[in-house]
Every structure is written in C-alpha cells, then in structure tokens.
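# Reading the structure
Residue strings, one per chain:
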Amino acid sequence: MTDTTSNQMWGGRFSAGPDAIMEAINASIGFDRRMAAQDIAGSRAHAAMLAATGVITDSDAEAIGKGLLTVLSEIETGTFAFSTALEDIHMNVEARLKEIVGEPAGRLHTGRSRNDQVATDFKLWVRDQLDAAETGLIALIRALLGQAEAGAGWVMPGFTHLQTAQPVTWGHHMMAYVEMFGRDLSRVRDARVRMNESPLGAAALAGTSFPIDREMTATALGFDRPAANSLDAVSDRDFALEFLGVASICAIHLSRFAEELVIWSSAQFRFVTLSDRFSTGSSIMPQKKNPDAAELIRAKVGRIFGANTALMMVMKGLPLAYSKDMQEDKEQVFDAADNWMLALAAMEGMVRDMTANRDSLAAAAGSGFSTATDLADWLVRVLGLPFRDAHHVTGSLVAKAEARGCDLPDLTLADMQSVHPDITAGVFDVLGVENSVNSRMSYGGTAPARVREQIARWRQAL
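Residues numbered from 1 in each chain as written. Predicted model: local features only at pLDDT ≥ 70, side-chain atom pairs only at ≥ 80, totals over all residues. Heavy atoms only, no water.

Let's shift gears to the confidence of the model for the chain. Averaged over all residues, the pLDDT of the chain is 91; the fraction at 70 or higher stands at 94%. Below a pLDDT of 50 lies the segment residues 1-6, which in the model reaches 14 contacts outside its immediate sequence neighbourhood of four places, other chains included. (pLDDT = per-residue confidence, 0-100. Contact = heavy atoms within 4.5 Å.)

Here it is as structure tokens:
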C-alpha cells in the first residue's frame, strides 16, 4: 500500500505534514483497526445508497462494493499493510480501495464525513459487543439454573455480614445470581434498543446537501432509524458510556460471585470444588489448588470501572459537535469489552464445571445457631409472644447453648422451659435445618418448592 502523507489526506489547506510526534499522537490506527469490518459494512451501505439516489453511478458503486470486499479479505487474512501516516481505519481502507479500483474510490466519501463515519463504525462495534454479552449472560444463567436444579433442596448456611444467619438452599443461592445476571441481561437488551439509531449521513455536523437516503443506510446496517439530529449524531457517545455502565454493574455481580467461589473453595469452607480447568497449582506448595480464574474475574472489575471513569472524563466538558478528544473513546471500550467477555466466559465455565459439596453445605447449615429465627417465629406463632419478647427469649436460649458448647437443637426441653415455661416439645420440629428451609414458602423464599418454581419460570423466559 502506498504510504500517502497526512497533508494529502487533509487536502490543500496544509502545505506540510505533521512531524513524528504529531503523527504519533494523532494516529488511531493502532487500535481502531478493530472496527475494520464495521467500517467496510458502513461504506458498502453508503455506496449502495449513493447509487440508488443517483449521487454516483451504479458502475462506480459496484466497483466500490467489490473493492471493499477485497480490502476486508486482505485485513482478515493478515495481508493488509496498515499505515500510521493515514491516521485511522477509515483512511487506511479508502487509500487501499483507491489502489484497487482507482477513481471511483474518491466518490465513496460523498455526503458523509469521518465524524459520522466513526460514530457509525463505533456504534456497530458496540452493538456487536452487546450481542456477545447477551449470549454470554444467557449461557451463564443456564449454567446457574443447572446448579440450582441439581441442588434445589440441599441445605446450606445463608449469611449476613459473612456470619451464619439462617439456613437456605443451594438452589436458592444459585437463583439469587440468576436474578442478578438476569437484570444485567435486561440492561444489555435495553441499551441495544436505545443505541440502535444510525449516525450515517449526519456528515460533519450539519447534514449534507446531497439527496441521500438515511433510512436506506440505517435499514441496511440493521439500525431501527436514522439519528434525528445531525449535531447530536456525531457528538453522541452515550451508547459507549451506557455499554460501560452496563458492563460495570455486571462486573460487580461477577466479582461478588467470584469472591464467594474463592471463599467456598477454601479448605476452611469446602462448599465447592472447582474443576482443574479453572484452577492452578502452587510452584512450591503441592497441596494447593488455587481459584485463580475466580480471583482474576474479581480483579477485572477494576479495569472495567477504570474504562467507565476514563470515558466519562473525556466526554464531560466537550462542546458540540466533534472534538479530537473523542478519539480517546475507543481504547477504553475495547479493553473493557475484552475483559467483560472473558470474565463472562470464565464464570460460565466455572459454574458449569464446579461441584457443590452437599455434606459440607449441610454440616455448615446447622451450625452457628442458624435456626434461632425459626425458634423466635415458633414462640410468636404457637405461644403468641410479641416478636420482641420472642427475640429476647431466643437470645437467652442461644446464650445458654453457647455456654454449654452446643447448638439449639441439643438443648433439652427442661433447658428451654427454664427460660420460658410454656415452651413445649413441639419446638424441636422447627429447629432442624430441613424443616427451616421447607417452611420458608413465601414468594421468593428458600423452600425447595419455591426454588423449583423460579427455575421453571426462568427456563421458560429463556
């Protein structure tokens, strides 16, 4: 490819090209080459529209279309020679197109600007990433549903403050993450709908005097409609900000789950066993099996948050319409997208492969006075105590059990009656963890029957 100088690209206004420093700070081809497929798709749609509206001839449009496919093939096969002197993916493609088809290439840019071109390319790229995120989230939710279904009735401790609170079921805990990632899925879909307006044809900022058909190019590129204001169309990066916002919230959920997997897979908990595929060993401690994939997912949130903050800082003070600052929008989004997709895939693999250790879960579920709330509820329901009084009685019984070094079900009836004389042997029916979880039948509760209802609801929704 001929290494055309930047002053030729900018036209007759400039008599000399920039020096090496300016070229280095100005060029974006090192990263925006990732949008090659989107750039060529936009150009092919634009050329077809120019021919349909009579702006260029059919023969020129046909030559441009075929030439662009040749350029795409060269890029995909790694034979394309990118030039930093040509700044960006748009000019690299156009320069190579001119080498292939000659004069018709110069007519491709009629009725558009690099401002609307880059906004279109970037939107198409982000849209593709939202589609990939949707696929990844659905796969992760399905993996969680599989875990929930297998252990819908398995008891485990539920925690607050990472202290044993009440017994729950494994299925219930898995379904909590289904709900979280389900909200992420809805945000991905919602963001895609909102961003699906085409900037193409907005030109530099004011539209164009050529009789273009923006509806045609919008439809060809899968957009719902053209963007309604040309100034906004080239200035808007809300779609990228929203993408990073959605990614950031999802990254929080991934990180929280990763933290639990790190804790649960430890020798102190033994709640889960992670597969060898998502674990590593130690260089000097042969007994170690480290949950490195979970730890790395936990760390990814920093990069995604950083990208979100960086782009907000870039955009916060920009006047309309386009400023060169906006060239700094892509690297952050590219990095965040790469790390988000990788984290989703790794989490889906870990969840699909991991084994819940039912015996360890059950043993932990019955420890730490986890049925204390069930005891308090029994005192209210059967003896008619006000809940605050029942809470006090239960606290006294917990203290007695703690002093004895036993759990609540290990106290004798006489022990309980020494705190409140009306307690009967029926209290022991609620102190088992199985009875506890089975009793939580309120909508959204941890009872296995309720968990299975939610699993069925989600399977139908997907």
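Time to look at the packing of aromatic side chains. Under the criterion given, the structure shown has 11 aromatic pairs. For the pair phenylalanine 159 and phenylalanine 269, a centre-to-centre distance of 6.4 Å together with 55° between the ring planes defines the contact as tilted. With phenylalanine 159 in strand S1 (residues 155-160) and phenylalanine 269 in the loop between helix H11 (238-264) and strand S5 (272-273), this pair connects stretches of sequence that are 110 residues apart. A residue is classified by how much of its surface remains accessible, and phenylalanine 269, at 26% relative accessible area, is partly exposed. Here the aromatic rings of tyrosine 177 and phenylalanine 257 are separated by 4.1 Å at their centres, their planes lie at 20°, and the arrangement is stacked. Remark: phenylalanine 257 occurs in helix H11 and tyrosine 177 occurs in helix H8 (residues 170-195); sequence separation between them is 80 residues. A relative accessible area of 6% means that tyrosine 177 is categorised as buried. Geometry around phenylalanine 223 places arginine 127 over its ring, the cationic atom sitting 4.9 Å from the centre. (Phe/Tyr/Trp six-rings, centres within 6.5 Å; stacked < 30°, edge-to-face > 60°. Helix = DSSP H or I, 4+ residues; strand = E, 2+ residues; numbered from the N terminus. Buried < 20%, exposed > 50% of the residue type's maximum accessible area, 1.4 Å probe, protein only. Lys NZ or Arg CZ within 6 Å of the ring centre and 35° of its normal.)

Between its first and last C-alpha, helix H4 (residues 36-52) extends 24 Å over 17 residues, near the 24 Å set by a 1.5 Å rise per residue. The element H4 is largely enclosed, with a buried count of 12 among its 17 residues. For H4, every residue scored as buried is listed here: Ala36, Gln38, Asp39, Ile40, Gly42, Ser43, Ala45, His46, Ala47, Met49, Leu50 and Ala51. Immediately beyond the C-terminal end of H4, within one or two residues, lies glycine 54, with a positive phi of roughly 80°. (Expected span 1.5 Å × (residues − 1).)

Moving on to the UniProt feature "domain: Argininosuccinate lyase C-terminal" (unreviewed entry) in the chain. Annotation from UniProt places "domain: Argininosuccinate lyase C-terminal" (unreviewed entry) at residues 369-438. Taken end to end, residues 369-438 comprises 59% helix and 0% strand; its first and last C-alpha atoms sit 17 Å apart. (UniProt positions renumbered as here; feature names shortened; annotations may be inferred.)

Turning next to the nonpolar core. The biggest cluster of nonpolar side chains holds 78 residues, and the ones touching the most others in it are Trp170, Phe181, Leu254, Phe257, Trp264, Trp340 and Met347. Secondary-structure elements contributing two or more residues to this core are helix H7 (114-150), H8, H11, helix H12 (292-315), helix H13 (330-353), helix H14 (358-365) and helix H19 (448-461). With residues up to four places along the chain from it excluded, the contact list for tryptophan 340 reads Ala133, Val188, Phe243, Val246, Ala247, Cys250, Leu254 and Ile304. Residues Ile29, Leu68, Leu72 and Leu108 belong to the second largest nonpolar core, which totals 21 residues. (Core = buried A, V, L, I, M, F, W, Y, C linked by side-chain atoms within 4.5 Å.)

Together, Leu205, Leu231 and Leu320 make up an exposed nonpolar region whose accessible area comes to about 270 Å². Turning to its location among the elements, leucine 205 is positioned in the loop between strand S3 (197-198) and helix H9 (214-220). (Patch = residues over 30% accessible without salt bridge, like charges linked within 9 Å, V, L, I, M, F, W, Y side chains within 5 Å. Areas by Shrake-Rupley, 256 points an atom, 1.4 Å probe, with all protein chains shown as cover. Salt bridge = Lys/Arg side-chain N within 4 Å of Asp/Glu carboxyl O.)

Below, the discussion takes up the packing of H12 against H13. Two elements in contact, H12 and H13, have axes whose closest approach is 9 Å; the angle formed by their N-to-C orientations is 155°. In terms of orientation, H12 lies roughly antiparallel with respect to H13. Here H12 runs over H13; the crossing is left-handed. Across the interface between the two elements, Ala293, Ala294, Ile297, Lys300, Arg303, Ile304, Ala307, Ala310 and Leu311 from H12 touch Gln332, Val333, Asp335, Ala336, Asn339, Trp340, Leu342, Ala343, Ala346, Met347 and Met350 from H13. Tallied by class, residues from the contact of H12 with H13 come to 15 nonpolar, 2 polar and 3 charged. (Axes fitted to C-alpha atoms, helices over the stretch in contact; angles between N-to-C directions. Parallel < 35°, antiparallel > 145°, perpendicular 65-115°, else oblique. Left-handed = near helix turned anticlockwise from the far one by under 90°. Nonpolar A, V, L, I, M, F, W, Y, C, P; charged D, E, K, R; others polar.)

Okay, the pairing of S1 next. Here 6 bridges tie S1 to strand S2 (residues 163-169), and the two strands are oriented antiparallel to one another. Following the sheet pairing, glycine 158 is matched in S2 by glutamine 166. (Pairing = 2+ DSSP bridges.)

A few words now on the side chain of aspartate 88. Checked against the element boundaries, aspartate 88 lands in the loop between helix H5 (58-77) and helix H6 (89-101). Residue aspartate 88 is classed as buried on the basis of its relative accessible area of 7%. Within the structure, aspartate 88 has its side chain in polar contact with the backbone nitrogen of histidine 90 (distance 3.1 Å). (Polar contact = N/O pair within 3.5 Å; in protein donor to acceptor, adjacent residues only side chain to side chain.)

Looking now at the packing of H4 against H7. Look at H4 against H7: their axes get within 9 Å of each other, and the N-to-C directions meet at 125°. Compared by their axis directions, H4 and H7 come out oblique. The element H4 and its partner H7 pack so that their crossing is right-handed. Here Gln38, Asp39 and Ser43 of H4 lie close against H7, whose contacting residues are Gln117, Asp121, Leu124, Trp125 and Asp128. Its residues assigned to classes, the contact of H4 with H7 shows 2 nonpolar, 3 polar and 3 charged.

Within the secondary structure layout, serine 235 lies in helix H10 (residues 230-235). Not counting the four nearest positions on each side in its chain, serine 235 is found in contact with Met315, Leu320, Ala321, Tyr322 and Met326.

Here we take up unusual backbone geometry. In this structure, alanine 321 follows leucine 320 across a cis peptide bond, with omega equal to 10°. Checked against the element boundaries, alanine 321 lands in the loop between H12 and H13. Positive phi values are uncommon outside glycine, yet leucine 162 reaches one of about 60°. Mapping leucine 162 onto the fold places it in the loop between S1 and S2. Despite not being glycine, arginine 270 shows a phi value in the positive range, around 55°. Relative to the assigned elements, arginine 270 resides in the loop between H11 and S5.

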